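Okay, here's what each chain looks like letter by letter:
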Amino acid sequence: MNPAPIEIIGAILFGIALIHTFATRYFQQLAHTYPAHAGIWHFLGEVEVVFGFWAMILVVMMLVTEGKQPAIAYLDQQSFIEPMFVFAVMVISGSRPILQFAMLCVKKLAGLIPWPEGKAFYFITLSFVPLLGSFITEPAAMTLAGLILLERYYSRGISTRLKYVTLGVLFVNISIGGTMTSFAAPPVLMVASKWGWDTVFMFTTFGWKAAIGVAVNALGATILFQRELSSLKKAKPSANNEVPLLVILVHVVFLVGVVVFAHHPVVFMGLLLFFLGFTHAYERYQDPLILREGLLVAFFLAGLVVLGGQQKWWLQPLLADMDNTVLFFSATLLTAITDNAALTYLGSLLEGTSAEFRYSLVAGAVAGGGLTVIANAPNPAGFSILKGSFEDEAIHPLGLLAAALPPTVIAILAFRLL
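None of these values were measured; they are calculated from a predicted model. (Residues numbered from 1 in each chain as written. Predicted model: local features only at pLDDT ≥ 70, side-chain atom pairs only at ≥ 80, totals over all residues. Heavy atoms only, no water.)

**Some details on a nonpolar patch on the surface**
Together, F203, W208, I212, V216 and L418 make up a nonpolar patch on the protein surface, roughly 420 Å² of accessible area in all. As for its position among the elements, L418 is in the segment after helix 22 (397-417). Relative accessible area serves as the criterion here: at 41%, L418 is assigned to the partly exposed category. (Patch = residues over 30% accessible without salt bridge, like charges linked within 9 Å, V, L, I, M, F, W, Y side chains within 5 Å. Areas by Shrake-Rupley, 256 points an atom, 1.4 Å probe, with all protein chains shown as cover. Salt bridge = Lys/Arg side-chain N within 4 Å of Asp/Glu carboxyl O. Helix = DSSP H or I, 4+ residues; strand = E, 2+ residues; numbered from the N terminus. Buried < 20%, exposed > 50% of the residue type's maximum accessible area, 1.4 Å probe, protein only.)

The structure is reproduced here in structure tokens:
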């Protein structure tokens, strides 16, 4: 079936957006070179803006080539529940009461390991928190892990090499760590209902393998940088007011409510509004909410949804023609240039696929979920939280790719050999 002109335009714009993603640092440099127009260069240098910007160009092209009604109909056909959910869960899980509660849990677990605090805390953050994503969803786990790492490590002058390796391990571990249940990882969520995958199936088929991969990745990074981690001085107690238990419990209830109603935006956005009111009422127990970061991430994901909807014409036939082994490795590579949830969704549209095909598609998609910022929906959240601690407030895409390759290999081995 020949692609429509707008589908070809969509594929071209998608490719341009990918190139733009790798060129954001160049735009940041232009902002310093041409200060008179620094605003627009800074805007184009924000990774979270890239796909939303080119999605806007696609919509404009639709209006010009097809007219108003087809353009509106296309947008109405897309689901923006995931961007809305990620925004809501980021804001709530990034609040001080939730963060303090998570820090306390990590500290208690780290205390059980006979290592220096900096080393033990690091290992638990990169292992326990990603696996927790199977229950509180991956975006919430990414937000918590990002904020914990920012406070305990990235803001304390650690080496650039440690920053990149930590980010690579975090992205991979979050991607595979959410596969212990059927509702937490976006690429699993896209296929679970249609293929009848429940939580028992996910844990016995994917989850235990993912847990081993997460532990090996976290342990490898901890051992590699054990000298630097062990030399970190013990963290000073926070100067913020201790949050009362009741306030923490209320925040947890809001977080659980948003997770439970993740497919119902009317409910979880309503809960978010009530949450905002509660935080205002108890402002003395709050830090500034990460509203800007959440909105930027939601904008990024919404742009990916709009642009990704035009890639079906070439991605779906490509998946259909592969055997299971080729499919696994191809899904891992394709995930690097397109959201893994979109990839598994397109694969779920194929009828009569075998159990081996389905496993290879999902396992490959989650294994490659840390290679780039667009590979997995929660990645932009971690990117947005941690990028300010890097030089020029920019994370180099090739640096992330290089850092994520070793943990990705571990994830591949876990899903292929175990």
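So much for the structure itself; the text now carries on.
**Things to note about the pattern of salt bridges**
All chains considered together, the criterion is met by six salt bridges. Across the pair R96 and D287 runs a salt bridge, and its minimum N-O distance is 3.3 Å. Of this pair, R96 sits in helix 7 (residues 96-110) while D287 sits in the loop between helix 15 (265-281) and helix 16 (291-308), and the two are 191 residues apart along the sequence. Relative accessible area serves as the criterion here: at 7%, R96 is assigned to the buried category. A network of salt bridges, in which partner residues are shared, links E46, E48, R292 and K387.

**Thoughts on unusual backbone geometry**
Not every positive phi belongs to a glycine, and T137 is a case in point at roughly 80 degrees. With respect to the element layout, T137 can be found in the loop between helix 8 (117-136) and helix 9 (138-152). With relative accessibility at 4%, the residue T137 sits in the buried group.

**A closer look at the environment of E293**
Tracing the backbone through its elements, the reader meets E293 in helix 16. Along the chain, E293 and A381 lie 88 residues apart, while their C-alpha atoms are 7.4 Å from each other.

**A short note on the packing of aromatic side chains**
Tallying each qualifying case throughout the model produces 19 aromatic pairs. When the centroid spacing of 5.1 Å and the interplanar angle of 85 degrees are considered together, the rings of F328 and F329 count as edge-to-face. Residue F328 is classed as buried on the basis of its relative accessible area, which comes to 0%. With relative accessibility at 39%, the residue F329 sits in the partly exposed group. Taken together, the ring pairs connect W195, W197, F201, F206, Y359 and F415 into an aromatic cluster. Over the aromatic face of F121 sits the side chain of R152, whose NZ or CZ is 3.9 Å from the ring centroid. One cation-aromatic arrangement involves K163 over F390; the distance from NZ or CZ to the ring centre is 5.8 Å. (Phe/Tyr/Trp six-rings, centres within 6.5 Å; stacked < 30°, edge-to-face > 60°. Lys NZ or Arg CZ within 6 Å of the ring centre and 35° of its normal.)

**What about the nonpolar core?**
Core analysis: the biggest nonpolar cluster contains 95 residues, and F51, Y153, L170 and L307 have the highest contact counts within it. Ignoring any residue separated from it by four or fewer positions in sequence, one finds L170 in contact with L126, M142, A145, L149 and L386. The next biggest cluster of nonpolar side chains, apart from the first, holds 35 residues, and it includes V172, L350, F357 and L371. (Core = buried A, V, L, I, M, F, W, Y, C linked by side-chain atoms within 4.5 Å. Contact = heavy atoms within 4.5 Å.)

**Focus: helix 22**
Along its 21 residues, helix 22 runs 29 Å from first to last C-alpha, staying within 8% of the 30 Å computed at 1.5 Å per residue. At L405, helix 22 is deflected by roughly 35 degrees, the largest bend along its length, and proline P406 occurs up to four residues later in sequence. Buried within helix 22 we find P397, L400, A403, A404, P407, T408, A411, I412, A414 and F415. Contact partners of the buried residues in helix 22: helix 1 (5-22), helix 10 (160-177), helix 12 (199-224), helix 18 (324-335) and helix 20 (355-367). (Expected span 1.5 Å × (residues − 1). Bend = angle between axes of the 7 residues up to and from the residue.)

**Here we look at the packing of helix 10 against helix 12**
Running from amino to carboxyl end, helix 10 crosses helix 12 at an angle of 170 degrees, the nearest separation of the two axes being 9 Å. On the basis of their axis angle, the class for helix 10 and helix 12 is roughly antiparallel. Taking contact as the criterion, the partners of R161, V165, V169, V172, N173, I176 and G177 in helix 10 are, on helix 12, A210, G213, V214, N217, A218, A221 and L224. (Axes fitted to C-alpha atoms, helices over the stretch in contact; angles between N-to-C directions. Parallel < 35°, antiparallel > 145°, perpendicular 65-115°, else oblique.)

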